[in-house]
Amino acid sequence: MLLLINAEGMTRMRSSHKPFLCRAWTVFRLLLVGVAFAFASGSATAQSLDELVFITEDYPPFNFERDGKRLGIAVDVLEEMLALARSKKTRADIKVWPWARGYETTLKEKNTVLFSTTRTEAREHLFKWVGPIMPSRIVLVAKKAREIRLRSIEDLNHASYKIGVVREDIGGQLLANAGVGKERTVQANSGVSVAKMLHAGRVDMWAYGAPVIMWNLKELGYPTNAYEEVFTLTESQQYYYAVNKDTDDRLVGKLQAALEQVKAKGRFNAIVARYR
């Protein structure tokens, strides 16, 4: 917009309306700054959403990779969330890493998102959270033939059982919080590795998500009816998408809003039904 004022008019305006012009010019400048800031903020948000790095692990039925394709409840939900948020990201952009690597990366690097992550009190201030996705029930599973009976965590502490855990996974963290010594746990990089150890008798129990344990045993061809839950470590938490705490709150809010839309449209239940 251009304003053309002749010299004589400008002189009169300067002399008679100087306070008004000063105020008007100040308001105009503030409006320009506001418009520019709003435009820049909106653009930055849109670009940053596409720059988010999504990391997961092999944790079926929530997230896993088969024949080079990312699958699972949390993967399918995330893809619909990204589409609703008009992001160019798809399931093909999700990185499938060992859990410990993904966990440490998300702790340190801005704009990283790790899933499916159990939200606990100990982790609460380590991440920002988008969810919940589904309930998280972490249990101890053993072979039925072992006839292991545990009434409390004290029974576990007074025994000499070896327990398989995935590095940085909630199962190992819950055991540590309950006072189970680290020397009692055998760590591995993946659930498949622990499943093999349990089957071979190298560990007495496995601390992990209940449905994930049975899924892994079944996929490896082990008879699931030969195994049983012997203790529940927690069933009060939920799985979430964990976001690096330095990530812009607007991006976290946009992802949360997209998740709520997926649920409101009835798509969430339909996705869960695919993996039953």
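Residues numbered from 1 in each chain as written. Predicted model: local features only at pLDDT ≥ 70, side-chain atom pairs only at ≥ 80, totals over all residues. Heavy atoms only, no water.

Quick look at unusual backbone geometry
- Pro60 connects to Pro61 through a cis peptide bond whose omega is 10°.
- Within the fold, Pro61 resides in the loop between strand E1 (53-56) and strand E2 (64-66).
- Between Phe115 and the following residue, Ser116, the backbone shows a cis peptide bond with an omega angle of -5°.
- As for its placement among the helices and strands, Ser116 is situated in strand E5 (residues 112-118).
- Positive phi, normally seen in glycine, also occurs at Asn111, with a value near 65°.
- Tracing the chain through its elements places Asn111 in the loop between helix H4 (99-108) and E5.
- A relative accessible area of 14% means that Asn111 is categorised as buried. (Helix = DSSP H or I, 4+ residues; strand = E, 2+ residues; numbered from the N terminus. Buried < 20%, exposed > 50% of the residue type's maximum accessible area, 1.4 Å probe, protein only.)

A few points about helix H10 (residues 267-274)
- Among all positions of H10, only Phe268, Ile271 and Val272 are buried. Take H10 and look down its axis: the buried residues cluster within an arc of 100°, on one side only.
- Where H10 is buried, its residues meet helix H3 (73-84) and helix H9 (249-264). (Arc of directions from axis to C-beta. Contact = heavy atoms within 4.5 Å.)

Considerations on the nonpolar core
- Formed by 77 residues in total, the largest nonpolar core has its most connected members in Met81, Leu140 and Tyr241.
- The element that contributes the greatest number of residues to this core is strand E11 (residues 227-244), accounting for nine residues.
- Ignoring sequence-local partners within four residues, the contact set of Met81 consists of Val130, Tyr241, Leu255, Ala258, Leu259 and Val262. (Core = buried A, V, L, I, M, F, W, Y, C linked by side-chain atoms within 4.5 Å.)

A word on the packing of H3 against H9
- With their axes 8 Å apart at the nearest point, H3 and H9 run at an angle of 110° to one another. Classed by the angle they form, the pair H3 and H9 counts as roughly perpendicular. For the crossing formed where H3 meets H9, the hand is right-handed. Contacts from Val77, Glu80, Met81, Leu82 and Leu84 in H3 reach Leu255, Ala258, Leu259, Gln261 and Val262 in H9.
- Taken together, the residues that form the contact of H3 with H9 break down as eight nonpolar, one polar and one charged. (Axes fitted to C-alpha atoms, helices over the stretch in contact; angles between N-to-C directions. Parallel < 35°, antiparallel > 145°, perpendicular 65-115°, else oblique. Left-handed = near helix turned anticlockwise from the far one by under 90°. Nonpolar A, V, L, I, M, F, W, Y, C, P; charged D, E, K, R; others polar.)

A short note on the packing of aromatic side chains
- All chains considered together, the criterion is met by 12 aromatic pairs.
- For the ring pair Tyr59 and Tyr208, a centre distance of 5.0 Å and an interplane angle of 85° mean the geometry is edge-to-face. Taken together, the residues span a long stretch of sequence, with Tyr59 in the loop between E1 and E2 and Tyr208 in strand E10 (residues 205-209) at a distance of 149 residues.
- On the basis of relative accessible area, Tyr208 is assigned to the buried category, the value being 0%.
- An aromatic cluster is defined as three or more aromatic residues linked by ring pairs; in this entry it consists of Tyr59, Phe62, Trp206, Tyr208 and Tyr239.
- Its end group placed over the ring of Tyr240, Arg119 keeps NZ or CZ at 4.9 Å from the ring centre.
- Against the face of Phe268 rests Lys263, its NZ or CZ located 5.4 Å from the ring centre. (Phe/Tyr/Trp six-rings, centres within 6.5 Å; stacked < 30°, edge-to-face > 60°. Lys NZ or Arg CZ within 6 Å of the ring centre and 35° of its normal.)

What to know about the pattern of salt bridges
- Counted by the stated rule, this structure contains 14 salt bridges.
- A salt bridge links Glu65 to Arg70, with the shortest nitrogen-to-oxygen separation between them at 3.1 Å.
- Measuring nitrogen to oxygen at the nearest pair gives 2.6 Å for the salt bridge that ties Arg119 to Glu124.
- Judged by its relative accessible area of 27%, Glu124 is partly exposed. (Salt bridge = Lys/Arg side-chain N within 4 Å of Asp/Glu carboxyl O.)

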